[in-house]
Amino acid sequence: MCAFLFWYNAFMHKTSHLVISLVLASLAALAPFAIDTYLPAFPTMAEDLHGTNLQLQQSLTAYLLPYAVMTLWHGAISDSIGRLAAIRWGLGVFALASVGCAFAPNIETLWFFRALQGASAGAGNVVARAMVRDLFEGVAAQRVMAQVQMIFGIAPAVAPIIGGWLLGIHWQAIFIFLSIYAIAALGAAQVLLPETVPPEKRVALSTKQVISGYKQAFGDAEFTKLVFAVGANFAGFFVYVLAAPVFLIEHLKLNAHQFGYMFIPTVCGMIFGSYLARHAAGKYSSHKVMQFAYGWMTCATLLNIAVCLWLPVSPLVNILPIALYNIGMALAMPILSLAGLDRMPKLRGTAASGQAFMQMLLSTVSAGLVVPLMWFSPLGLAIAMAAYLLLSYLVIRQTMLWHLG
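Residues numbered from 1 in each chain as written. Predicted model: local features only at pLDDT ≥ 70, side-chain atom pairs only at ≥ 80, totals over all residues. Heavy atoms only, no water.

### A look at the overall build of the protein
Reasoning step 1: When you go through the protein residue by residue, the secondary structure sums to 18 helices and zero strands.
Reasoning step 2: Counting only C-alpha atoms, the protein reaches 60 × 50 × 45 Å along its principal axes.
Reasoning step 3: Looking at the protein residue by residue over its 405 residues, the buried ones come to 58%.
Reasoning step 4: If you take every contact in the protein between residues at least 6 apart in sequence, the share linking residues at least 24 apart comes to 85%.
Reasoning step 5: By element, 71% of the accessible surface of the protein is carried by carbon and sulfur atoms, the whole surface being about 16300 Å².
Reasoning step 6: Taking the 20 positively charged and 13 negatively charged side chains of the protein as two groups, their mean positions are separated by 11 Å. (Helix = DSSP H or I, 4+ residues; strand = E, 2+ residues; numbered from the N terminus. Buried < 20%, exposed > 50% of the residue type's maximum accessible area, 1.4 Å probe, protein only. Contact = heavy atoms within 4.5 Å. Areas by Shrake-Rupley, 256 points an atom, 1.4 Å probe, with all protein chains shown as cover. Lys, Arg positive; Asp, Glu negative; His and termini not counted. Charge placed at Lys NZ, Arg CZ, Asp CG, Glu CD.)

### Observations regarding the nonpolar core
Reasoning step 1: Judged by nonpolar contacts, the single largest core of 138 residues is most densely connected at Leu-248 and Leu-336.
Reasoning step 2: The element best represented in this core is helix α11 (residues 221-242), accounting for 14 residues. (Core = buried A, V, L, I, M, F, W, Y, C linked by side-chain atoms within 4.5 Å.)

### Some thoughts on unusual backbone geometry
Reasoning step 1: If you check the backbone angles, Lys-253 has positive phi at about 60° while not being a glycine.
Reasoning step 2: Residue placement: Lys-253 occurs in the loop between α12 (244-251) and α13 (260-280).
Reasoning step 3: Exposure remark for Lys-253: the relative accessible area of 65% places this residue in the exposed category.

### Details of the pattern of salt bridges
Charged atoms that come close allow side chains of opposite charge to pair.
Reasoning step 1: In this structure the tally under the stated criterion is one salt bridge.
Reasoning step 2: The closest approach of N and O atoms between Asp-220 and Arg-343, which form a salt bridge, is 3.0 Å. With a gap of 123 residues between them, Asp-220 in the loop between α10 (207-218) and α11 and Arg-343 in the loop between α15 (315-342) and α16 (348-374) connect regions that are remote in the sequence.
Reasoning step 3: Accessibility expressed as a relative area gives 32% for Arg-343, which makes it partly exposed. (Salt bridge = Lys/Arg side-chain N within 4 Å of Asp/Glu carboxyl O.)

### A few points about the side chain of Ser-59
Reasoning step 1: Turning to its location among the elements, Ser-59 is positioned in helix α4 (residues 53-81).
Reasoning step 2: At 2.4 Å, the side chain of Ser-59 forms a polar contact with the backbone oxygen of Leu-56.
Reasoning step 3: With residues near it in sequence (within four places) discarded, Ser-59 still touches Tyr-38, Phe-42, Leu-110, Trp-111 and Arg-114. (Polar contact = N/O pair within 3.5 Å; in protein donor to acceptor, adjacent residues only side chain to side chain.)

### Re the confidence of the model for the protein
Reasoning step 1: Averaged over all residues, the pLDDT of the protein equals 82, while 91% of them reach at least 70.
Reasoning step 2: Confidence drops under a pLDDT of 50 for residues 1-15, and excluding neighbours within four residues, the segment shows zero contacts in the predicted structure. (pLDDT = per-residue confidence, 0-100.)

### Digging into the packing of aromatic side chains
Reasoning step 1: In this structure the tally under the stated criterion is 16 aromatic pairs.
Reasoning step 2: On the numbers, 5.2 Å between centres and 75° between planes, the contact of Tyr-240 with Phe-247 is edge-to-face. There is no split in this pair, since Tyr-240 and Phe-247 are both buried.
Reasoning step 3: Following the ring pairs from residue to residue traces out a cluster consisting of Tyr-38, Phe-42, Trp-171 and Phe-175.
Reasoning step 4: A cation over a ring is seen here: Arg-114 above Tyr-38, with NZ or CZ 4.3 Å from the ring centre. (Phe/Tyr/Trp six-rings, centres within 6.5 Å; stacked < 30°, edge-to-face > 60°. Lys NZ or Arg CZ within 6 Å of the ring centre and 35° of its normal.)

### Things to note about the packing of α13 against α15
Reasoning step 1: Between α13 and α15, the least distance of the axes is 7 Å, while the angle of their chain directions is 30°. Taken together, the axes of α13 and α15 are roughly parallel relative to one another. As α13 packs across α15, the resulting crossing turns out to be right-handed. The segment α13 lies against α15, with Tyr-261, Met-262, Pro-265, Thr-266, Gly-269, Met-270, Phe-272, Gly-273, Ser-274, Leu-276 and Ala-277 engaging Ile-319, Ile-322, Ala-323, Asn-326, Ile-327, Met-329, Ala-330, Leu-331 and Pro-334.
Reasoning step 2: A breakdown of the residues in the contact of α13 with α15 according to their chemical character gives 15 nonpolar, five polar and no charged. (Axes fitted to C-alpha atoms, helices over the stretch in contact; angles between N-to-C directions. Parallel < 35°, antiparallel > 145°, perpendicular 65-115°, else oblique. Left-handed = near helix turned anticlockwise from the far one by under 90°. Nonpolar A, V, L, I, M, F, W, Y, C, P; charged D, E, K, R; others polar.)

### Examining α15
Reasoning step 1: Between its first and last C-alpha atoms α15 spans 41 Å; for 28 residues at 1.5 Å apiece the expected length is 40 Å, and the two agree.
Reasoning step 2: Of all the bends in α15, the greatest, near 30°, is centred on Met-333, and the proline Pro-334 appears no more than four residues after it.
Reasoning step 3: Summarising burial for α15: 22 of the 28 residues are buried, a large majority. (Expected span 1.5 Å × (residues − 1). Bend = angle between axes of the 7 residues up to and from the residue.)

### Brief notes about helix α9 (residues 172-192)
Reasoning step 1: Relative to the 30 Å expected for 21 residues at 1.5 Å per residue, α9 spans 31 Å between its end C-alpha atoms, a close match to the ideal helical length.
Reasoning step 2: For α9, the complete set of buried residues consists of Ala-173, Ile-174, Phe-175, Leu-178, Ser-179, Tyr-181, Ala-182, Ala-185, Leu-186 and Ala-189.

### Describing the packing of α11 against α15
Reasoning step 1: At their nearest, the axes of α11 and α15 sit 9 Å apart, and the two run at 155° to each other. One finds that α11 runs roughly antiparallel with respect to α15. For α11 against α15, the interelement crossing comes out left-handed. Together, Phe-223, Leu-226, Ala-229, Val-230, Ala-232, Asn-233, Phe-234, Gly-236, Phe-237 and Tyr-240 of α11 and Ile-322, Tyr-325, Asn-326, Met-329, Met-333, Leu-336, Ser-337, Ala-339 and Gly-340 of α15 make up the contact between the two elements.
Reasoning step 2: Looking at the contact of α11 with α15 residue by residue, the classes come out as 14 nonpolar, five polar and no charged.

In structure tokens, the structure reads:
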């Protein structure tokens, strides 16, 4: 009987972790769904809204810039009013903004509602990161973060495929789907997640308090280096997401229903890297895992440049190095993310916001500047990936995390 109770409790403990991971991942996945689902519809939307490819590309910038700015507030808001209340407000506004996008009559109106989506979508991502650290400690936190990342990683692969299917109905159906997704994720969070910031632990929300929190966070050189490294590693892959309509359709000669050719293998790489991170937790030192991850990403970027220089353009040879890069990126990300959060144990919401802000700031720079400059050829995008990885390495090698054995 005692043995049965032991195994039952262990099973329920693991099940609880899995349920929490699934809900947190669904919240975090809202952002990539909002970015990737409508990518296959770019040509059709440009025609219907009387715009150009560049104007549609700037709808990504319109989303990412307010996303980046508001991530500075979502964590502080959740520290003040509670994690679940922050999720309610964020996802509720996102659902309404998605309906606005669906019925936008022109490019300018689309930009407005995309900006409103961006301002609200980050609540799910930021609060999910903070809640992992609220609920779990040490190796358990690293494993759950990797599990969340592994589930979350499915979104960029599934989103453009769903977008391609919904495009068969109408591009408006894509944004109606995003609204339904947000409502479903909100419902799951309300029912299945505990409130991890009780009233007695909440801090007053004020501009002065928020600025003070970020001064403390970004005044910590170690924290700043860690969050920059996370953002730069992600940006190395994200340039391909942002450039997907040009990279896949113009360079690789795929159609709007074949976006899965890139997203499925690259996300499989991310999932495999997250799987490795989960199983490496507690078995290998963070130092060794980080060295391996950066060595792997370096090999992948060099391979990427080599195939662009010396082999003819084809989906297989140009997409494989991106998938390989994502293995190393996903292996390093839980360690970097948790190390950053641990620098600010009393301001985890603010620290999670700082991480998300840096990640989206670099993504916004990529969307508005780097990608339009470098999407002239696959080699240009490969150089952009290598540049982001080099920046990340130069920063992370100066941190204590890199030198701890």
